[in-house]
Amino acid sequence: MTVTVNGLAELKKLAGSDLGSSDWIEVTQDRIDTFADATGDHQWIHVDPERAAAGPFGAPIAHGYLTLSLFIPLFTELLDVRGVTTKVNYGLNKVRFPSPVKAGSRIRLTGRLTEVEDVPGGVQIAVDGTIEIEGGAKPAAVLQSLSRFYA
């Protein structure tokens, strides 16, 4: 369920709040192949299902940066900030990939808005995010994302 706020004042009130979880999305082999084409990273562990089946994970796995790139579409399911002119991805503080995402797995994002601070013309938020793998013992990624919202 999406948390919707109207304007920066309402956003500031969310500091320290859990944002819940996104829906599950499947990380298909086609998505992995498309990411490989976009980035030029065609390592066999990602794009050769036969060879990857005999590899260390028993299947092809998503690129770590593919998993990370899915943060934004998953995050838009958690928080909708209205009444602002601009929304900017400002960066990341910490990122770890504790477990690989096998092709065909489903992932989702769970988030907590940990900080909201004023910046010139707007606010910056820090969100602690965990990208979970359905049925997995460890998450695919844990990170802290920074975004800015301008009035």
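What you see is a predicted model, and the numbers here were worked out from it, not measured in a lab.

Basis of the calculations
- Residues numbered from 1 in each chain as written.
- Predicted model: local features only at pLDDT ≥ 70, side-chain atom pairs only at ≥ 80, totals over all residues.
- Heavy atoms only, no water.
- Helix = DSSP H or I, 4+ residues; strand = E, 2+ residues; numbered from the N terminus.
- Buried < 20%, exposed > 50% of the residue type's maximum accessible area, 1.4 Å probe, protein only.
- Areas by Shrake-Rupley, 256 points an atom, 1.4 Å probe, with all protein chains shown as cover.
- Polar contact = N/O pair within 3.5 Å; in protein donor to acceptor, adjacent residues only side chain to side chain.
- UniProt positions renumbered as here; feature names shortened; annotations may be inferred.
- Phe/Tyr/Trp six-rings, centres within 6.5 Å; stacked < 30°, edge-to-face > 60°.
- Lys NZ or Arg CZ within 6 Å of the ring centre and 35° of its normal.
- Salt bridge = Lys/Arg side-chain N within 4 Å of Asp/Glu carboxyl O.

**Details of the overall build of the protein chain**
Argument step 1. A count of helical and extended segments in the protein chain gives six helices and eight strands.
Argument step 2. Listing the helices and strands of the protein chain from first to last along the sequence gives β-α-β-β-α-α-α-α-α-β-β-β-β-β.
Argument step 3. In terms of overall dimensions, the protein chain has a C-alpha envelope of 55 × 30 × 20 Å along the principal axes.
Argument step 4. Sorting the 151 residues of the protein chain into buried and exposed places 40% on the buried side.
Argument step 5. Accessible surface, the protein chain as shown: approximately 7900 Å² in total, 50% of it carbon and sulfur.

**Focus on the environment of Thr-2**
Argument step 1. One can find Thr-2 in the segment before β1 (3-6).
Argument step 2. Since its relative accessible area comes to 38%, Thr-2 is described here as partly exposed.
Argument step 3. Along the sequence, Thr-2 and Phe-57 sit 55 residues apart, while their C-alpha atoms lie 34 Å from each other.
Argument step 4. At 2.8 Å, the side chain of Thr-2 and the backbone oxygen of Glu-77 are in polar contact.

**Remarks on the UniProt feature "domain: MaoC-like" (unreviewed entry) in the protein chain**
Argument step 1. With numbering matched to this structure, UniProt assigns "domain: MaoC-like" (unreviewed entry) to residues 15-120.
Argument step 2. Annotation note: span residues 15-120, helix share 29%, strand share 34%, distance between end C-alpha atoms 18 Å.

**So, the packing of aromatic side chains**
Argument step 1. This structure, assessed with the given rule, holds two aromatic pairs.
Argument step 2. Ring geometry for Tyr-65 against Phe-97: centres 6.1 Å apart, planes inclined by 80°, an arrangement best described as edge-to-face. Of the two residues, Tyr-65 is situated in helix α5 (residues 64-69) and Phe-97 in the loop between β5 (86-96) and β6 (106-119); the sequence distance between them amounts to 32 residues.
Argument step 3. According to the relative accessible area criterion, Phe-97 is partly exposed, its value standing at 36%.
Argument step 4. Relative to Phe-75, the ring of Phe-71 lies with its centre 5.4 Å away and its plane at 10°, an arrangement referred to as stacked. One end of the pair is Phe-71 and the other is Phe-75, both in helix α6 (residues 71-75) and four residues apart, which spans about a single turn. Exposure class is identical for Phe-71 and Phe-75. Each is buried.
Argument step 5. The cationic tip of Arg-148 hangs over the ring face of Tyr-90; the distance from NZ or CZ to the ring centre is 3.7 Å.

**Notes on the pattern of salt bridges**
Argument step 1. Counting across every chain of the model gives six salt bridges.
Argument step 2. Salt bridges here are not isolated pairs; linked through shared partners, they connect Asp-80, Arg-82 and Lys-87.

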